[in-house]
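# Results of the structural survey
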Amino acid sequence: YQQLREQKVAQEKLRVKFKSAFKLYKLDNIASVKDEFPELGFKERVQLIKDRWRKLQASEKFLYVKRSRIDKKRALLSALECKIKVIQVDKAVLSTQQCDSNVSQNIEDKVLANEEKKS
């Protein structure tokens with residue numbers, strides 16, 4: 001049961017989650033916008049950040065795009081590591097099942113041999 005649970009958790013981690021360039025920009029600026037405009041609600045603050053993002057120079061946006069690419073590579077690497085763990089768990093479960101079937105086959109063979117000796 002524990003192995004199956006670990007496998008399920010690992011499979012959930014396989015989804016590649018990374019931050020977009022805009023999300024990184026938003027995370028960097030949401031606090032200052034909140035301080036600058038405390039009367040605005042969350043949606044209005046996000047809209048203001050969207051407007052500012054659209055007005056950014058390409059060179060300024062590129063810094064966030066570059067950070068986003070780095071975050072995507074990190075996420076892909078993390079997903080790959082999780083996938084390797086899932087494969088290792090699958091192999092361990094498979095080998096355990098094979099051992100169990102071998103043991104039960106050996107027991108069945110011994111029982112049959114004993115029955116044949118008795119007859």
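Our subject is the structure that appears above.
Since the model is a prediction, treat every value here as computed from it, not as a measurement. (Residues numbered from 1 in each chain as written. Predicted model: local features only at pLDDT ≥ 70, side-chain atom pairs only at ≥ 80, totals over all residues. Heavy atoms only, no water.)

### What to know about a nonpolar patch on the surface
On the surface, a nonpolar cluster with roughly 270 Å² of combined accessible area is contributed by Leu77, Leu80 and Ile84. Here Leu80 is to be found in helix 4 (residues 58-118). The partly exposed category is assigned to Leu80, whose relative accessible area is 47%. (Patch = residues over 30% accessible without salt bridge, like charges linked within 9 Å, V, L, I, M, F, W, Y side chains within 5 Å. Areas by Shrake-Rupley, 256 points an atom, 1.4 Å probe, with all protein chains shown as cover. Salt bridge = Lys/Arg side-chain N within 4 Å of Asp/Glu carboxyl O. Helix = DSSP H or I, 4+ residues; strand = E, 2+ residues; numbered from the N terminus. Buried < 20%, exposed > 50% of the residue type's maximum accessible area, 1.4 Å probe, protein only.)

### Focus: the pattern of salt bridges
Close approach of charged atoms allows side chains of opposite charge to pair. One pass over the full model with this rule turns up 4 salt bridges. Here Arg54 makes a salt bridge to Asp51, at a shortest N to O gap of 3.5 Å. Of this pair, Arg54 and Asp51 both sit in helix 3 (residues 42-55), 3 residues apart, which is roughly one turn of the helix. For Asp51, a relative accessible area of 31% puts it in the partly exposed group. Among the salt bridges present, the one from Asp71 reaches Arg74, with a minimum N-O distance of 2.9 Å. Placement of both Asp71 and Arg74 in helix 4 is noted, with a separation of 3 residues, approximately one turn of the helix.

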